[in-house]
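Observations on the model geometry
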Amino acid sequence: MEKHQLITLLGPTASGKTALAAALAGNLGSEIISADSRQIYRGMNLGTGKDLDEYMFNERPVPYHLIDICEPGYKYNVFEYQHDFYRVYTDICSRGKLPILCGGTGMYIESVLKGYKLLAVPENPELRERLKDKSLEELEALLATYKTLHNKTDVDTPKRAIRAIEIEEYYREHAPQINEYEPLHSLIIGIDVERELRRARISHRLRQRLDDGMVEEVRGLLDSGIRPDDLIYYGLEYKFITLYLTGGLTYEEMVSQLEVAIHRFAKRQMTWFRGMERRGFVIHWLDVTLPTEEKLKRITDLLIR
């Protein structure tokens, strides 16, 4: 029987990770640590797909962590996430529980499983000035010339792409040769969704969230004083809905372009996860269409091998 220090549950957006993680945590008497780069923000609920009502098991709440820990407008990063994760992880383990890491932000997941030594990267005004007029496509092409250190799945605005390049450039000169934390031995479970089913689930979920008030959520954030540029920085729902609310897109254009962007985002997530396998991680894939009880049985069997 292997001694696992963690269970990691990963998959693309709209794959049902949260509900499965909650059921697993309920069965094991465990707690969930989120690995989502946008769910850390308070008030950004529908747009990030928090699904907080799914953190339940047998009508009892399942404890979760690293959700709603920052105010909107703040630019949280993987360096901060790694340290926040280990603080929470150590606390859960000290209470005799096996933590469950659940999310779709590949770099967050990989940074804690590998224990990379990450650095707080300062702004580079000269670099930003040099890149400020480049298109997102040009920035993505430049980013692709670097080693894979940054989480490219979230790079869908010029500001985020420039920040990613800034990070890569800094690490080119300052990358440490040691890990800050010991790598974690984790059972890694992936939710596998066939492409057309994934697209259908994403499209359905988007329309449901729009019906539930996602536009009103973004309008409320803007009305609270958060600058449009700060919301656009977060990409996807916050980018396109902000553009709609500030007159840059019609409603129909917003929905159409957002849907395409989320499909591309999910594809990039899967590309990252397949890359993790090439980098030595063993991911046990479960078909999304399996009943929850069957998924739980297979995970339990893997735990006791």
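The text that follows walks through the structure, step by step, so that each part is easy to find. Since we're looking at a predicted model, the values are computed, not measured. (Residues numbered from 1 in each chain as written. Predicted model: local features only at pLDDT ≥ 70, side-chain atom pairs only at ≥ 80, totals over all residues. Heavy atoms only, no water.)

**Remarks on the sheet that holds strand 6 (residues 100-103)**
Read from one edge of the open sheet, six strands run 5-2-6-1-7-8, paired in parallel fashion. Unpaired on one side and paired on the other, strand 5 (64-65) and strand 8 (283-287) mark the two borders of the sheet. Of the strand pairs in this sheet, strand 2 (residues 32-35) and strand 5 are connected by two bridges, and their pairing is parallel. The partner of Ile33 across the bridge, within strand 5, is His65. Packing against the sheet, helix 3 (residues 106-114) makes contact with strand 1 (6-10), strand 2, strand 6 and strand 7 (186-192), and its axis sits at approximately 160° to strand 1. (Pairing = 2+ DSSP bridges. Helix = DSSP H or I, 4+ residues; strand = E, 2+ residues; numbered from the N terminus. Contact = heavy atoms within 4.5 Å. Axes fitted to C-alpha atoms, helices over the stretch in contact; angles between N-to-C directions.)

**Quick word on the packing of aromatic side chains**
What the rule picks out here adds up to 10 aromatic pairs. Taking 4.6 Å as the distance between ring centres and 45° as the angle between the ring planes, the aromatic pair formed by Tyr41 and Tyr234 counts as tilted. With Tyr41 in the loop between strand 2 and strand 3 (56-57) and Tyr234 in the loop between helix 9 (228-233) and helix 10 (236-245), this residue pair connects regions lying 193 residues apart in the sequence. Exposure class is identical for Tyr41 and Tyr234. Each is buried. A centroid spacing of 6.4 Å and a plane angle of 75° characterise the contact between Tyr86 and Tyr89, whose relative ring orientation is edge-to-face. (Phe/Tyr/Trp six-rings, centres within 6.5 Å; stacked < 30°, edge-to-face > 60°. Buried < 20%, exposed > 50% of the residue type's maximum accessible area, 1.4 Å probe, protein only.)

**Observations regarding the nonpolar core**
Within the largest apolar cluster, 56 residues are counted, with the highest numbers of intra-cluster contacts made by Ile33, Tyr81, Phe85, Leu101, Leu231, Met254 and Met276. Tallying contributions element by element places helix 11 (residues 251-278) first for this core, with 11 residues. If near-sequence neighbours (up to four positions away) are discounted, Leu231 is found in contact with Val218, Leu221, Leu222, Ile226, Tyr238, Lys239 and Thr242. With 24 residues, the next largest nonpolar core counts Ile7, Ala25, Val288 and Leu302 among its residues. (Core = buried A, V, L, I, M, F, W, Y, C linked by side-chain atoms within 4.5 Å.)

**Regarding helix 8 (residues 214-223)**
Every α-helix carries 3.6 residues per turn, so stepping three or four residues along brings you back to the same face. If you check which residues of helix 8 are buried, you get Met214, Val215, Glu217, Val218, Leu221 and Leu222. Each buried residue of helix 8 sits inside an arc of 160° when the element is viewed along its axis, so together they form one side. For helix 8, the secondary structure elements touched by its buried residues are helix 7 (195-211), helix 9, helix 10 and helix 11. Remark: Gly225 follows helix 8 within two positions and exhibits a positive phi of approximately 110°. (Arc of directions from axis to C-beta.)

**Some points on the pattern of salt bridges**
Enumeration over the complete set of coordinates arrives at 23 salt bridges. Close ionic contact of Glu237 with Arg38 constitutes a salt bridge, the shortest N to O distance being 2.8 Å. Linking Glu237 in helix 10 with Arg38 in the loop between strand 2 and strand 3, this pair joins segments that are 199 residues apart in sequence. For the residue pair Glu237 and Arg38, the accessibility class agrees, reading buried in each case. Measuring nitrogen to oxygen at the nearest pair gives 2.8 Å for the salt bridge that ties Glu166 to Arg128. With Glu166 in helix 6 (residues 158-174) and Arg128 in helix 4 (residues 125-131), this residue pair connects regions lying 38 residues apart in the sequence. (Salt bridge = Lys/Arg side-chain N within 4 Å of Asp/Glu carboxyl O.)

**Brief notes about the environment of Thr18**
Its location among the elements puts Thr18 in helix 1 (residues 17-28). With 287 residues separating them along the chain, Thr18 and Arg305 place their C-alpha atoms 25 Å apart. Non-local contacts of Thr18, meaning those with residues more than four positions away in its chain, are made with Asp51, Glu54, Tyr55 and Cys102.

**Structural notes on unusual backbone geometry**
Of note in the backbone geometry, Asn58 takes a positive phi value of approximately 50° without being a glycine. Following the sequence through the fold, Asn58 ends up in the loop between strand 3 and strand 4 (60-61). Under the relative-accessibility criterion, Asn58 is labelled exposed at 62%. The backbone of Asp68 sits at a positive phi, close to 60°, despite the residue not being glycine.

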